[in-house]
Amino acid sequence: MIGCALKQGDRVRFLEARAVSEAVASMCVEACTRPSEGLRALLVKAMSASPMGPGRSALDLCLRNLDETVSTGLPICQDTGIAVVFAERGNRLVIEGGSLREAVDRGVEKGYREGRLRNSLVNDPLNRTPLPVNSPAIIHLSEVPGDSLTLELLVKGAGSENASASAMLPPLAGEDGITCFVRDAVLAKAACACPPLFLGVGLGGNQEMCGILSKKALLRPFGTPGETPAQKRLEERILAAVNETGIGPQGFGGPVTALEVRVELAPCHMASLPVAVCIECHAHRTARRVL
Amino acid sequence: MKRIIADCGPGPLEKLEAGEMLYLSGTVMACRDRAHRRMAELLSSGMPLPFDPRGAALFYAAPTPAPPGRVCGALGPTTSLRMDPFTLPLVAAGVRMFIGKGPRTPQVTSSLAAAGAVYLAAAGGTAALGGGCVDSCEVAAWEDLGSEALYKIVLRDYPVFVALDLHGGNLFEMRMRK
């Protein structure tokens, strides 16, 4: 967490924890039951690029599913996942009546309960007793200048998350090594991850930071390439390499295995090249609020 | 539009071909990882399962809670690969149809056809569509497992693809041969 010092005379704004919870609850329901317009356009484009066959038929089902979600209000996917929340809190914002952790978790619990979303968490990875609520959320908090709270939610199912991977590559592995690593991760498990995929690639930082970057990359809006020419070039290169595999929609074969690749970079140690690929299914579910 | 019934017996299964799309109706038992472990424990100790496995269909799935006025919430497949360590004893007990998503281990892939069992792949992430193909849905056993309980679900025209047929056809290898 990066801090921002409060100066004497700075005005502080108060925000009720309950308002945060309400926002998070509505974000959970919105992410799970309201497909974004951008997603439909990408799937339509993928379908027009696909020859007749089971892969194309699977894309057709994905599109019909979006229609069904809109008309029934049912979740896009039954795996309503773990709630991953990226929170940016202004340094002049004080949350009243509870911590941010409590506010977010109460919101997730309310959203999953009232939205009839599936609870999928167990108490711990060894004992594995189902939890009666879908909290705790995974929260990545950073402090920024200002007095607002920006919340970004990624609802992450296990099918795609289980296909994700990370590695510490040799520092000079370069674009070749990174592309190879991502393609191999896709070849190993992506047929189980509900392709066509979105791939978040985190490069740099260290072992845990590259994973967080790979998640954050998935929050970038549809159709937005990376800021630098190097990011953009690598995104295009990885997308081509992944689509070359022919895995196709649902693993049924076809020219579209991934819809988008997003690369995020961070400074790293001269001796390291940390890389993580967060694999995301076609049912990409996000929501955003500024409070 | 080709249709199939989940517990149809061997005749109709013979006619299925890898790669074709079907609309599946009838009774399936929906179960995930921990229900599989319990089934494996019962089978290995010679105890009966909570349902008759002879000719049965297993769907790797757990729905979202049903909203008011609907029999089922969203419903779709989970990754089949995770159930593979438990699959062959279930085939030996008589299960003849599996529905899930993604490829299977080489061991399961090479064993199903000889036993007369097929594997159908559903489209993951299309669960609003799936929830609309349900006539009834109830917990059949192991409610203590929460979302991992065993469910009895009656499907109506649920879209699936033949992934492993009885003649050695494999949908997931068809793309590799191209």
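Above: the structure in question.
The shown structure was predicted, so the numbers you read here are calculated from the model rather than taken from an experiment. (Residues numbered from 1 in each chain as written. Chains lettered and ligands numbered in written order. Predicted model: local features only at pLDDT ≥ 70, side-chain atom pairs only at ≥ 80, totals over all residues. Heavy atoms only, no water.)

Remarks on the sheet that holds strand S7 (residues 197-205) of chain A
Residues and elements named next belong to chain A. Quick reminder of the rule: Being paired, for any two strands, means DSSP has found at least two bridges between them. The helix and strand labels rest on DSSP assignments: H or I over at least four residues marks a helix, E over at least two residues marks a strand, and numbering proceeds from the N terminus. Interaxial angles span 0 to 180 degrees and are taken between N-to-C directions of axes, which are lines fitted to C-alpha atoms, for helices over the stretch in contact. Residue contacts follow a heavy-atom distance rule, with two residues in contact if any of their heavy atoms lie within 4.5 Å.
With respect to topology, 4 strands assemble into an open sheet ordered S6-S9-S7-S8, the strand pairing being mixed. Unpaired on one side and paired on the other, strand S6 (165-169) and strand S8 (258-268) mark the two borders of the sheet. Within this sheet the neighbouring strands show an average axis-to-axis angle of 15 degrees, counted without direction. Two strands pair when backbone bridges link them, and S7 and S8 are joined in this way by 9 bridges, in the parallel orientation. Its bridge partner lying in S8, Gly205 is registered against Cys268. The sheet contacts of helix H6 (residues 174-189) involve S6, S7 and strand S9 (273-280), and relative to S9 the element is tilted by about 35 degrees. This element, helix H8 (residues 229-243), spans S7 and S8 of the sheet and lies at about 135 degrees to S8.

Things to note about helix H3 (residues 54-72) of chain A
Since the α-helix turns once every 3.6 residues, residues separated by three or four places project in the same direction. Let me state the cut-off plainly: To estimate how far a helix should extend, the number of its residues minus one is multiplied by 1.5 Å.
Its 19 residues give H3 of chain A an end-to-end C-alpha distance of 26 Å, which sits within 8% of 27 Å, the value for a rise of 1.5 Å per residue. Positive phi appears at Gly73 of chain A, one or two residues downstream of H3 of chain A, with a value of about 80 degrees.

Side note on the packing of helix H2 (residues 37-48) of chain A against H3 of chain A
Residues and elements named next belong to chain A. To keep things clear, this is the line we draw: Under this scheme an angle from 65 to 115 degrees is roughly perpendicular, one under 35 degrees roughly parallel, and one over 145 degrees roughly antiparallel; angles in between are oblique. In this scheme the handedness of a crossing depends on how the near helix is turned from the far one: anticlockwise by less than a right angle means left-handed, clockwise means right-handed. Each residue is assigned to one class: nonpolar for Ala, Val, Leu, Ile, Met, Phe, Trp, Tyr, Cys and Pro, charged for Asp, Glu, Lys and Arg, and polar for all the others, Gly among them.
As a packed pair, H2 and H3 sit with axes 9 Å apart at the nearest point and diverge in direction by 160 degrees. It follows that H2 is roughly antiparallel to H3 by the angle criterion. Viewed along their axes, H2 and H3 form a crossing whose handedness is left-handed. Note on element contacts: H3 touches H2 through Arg56, Leu59, Asp60, Cys62, Leu63, Leu66 and Asp67, opposite Leu39, Arg40, Leu43, Val44, Ala46 and Met47. Looking at the contact of H2 with H3 residue by residue, the class counts come to 9 nonpolar, no polar and 4 charged.

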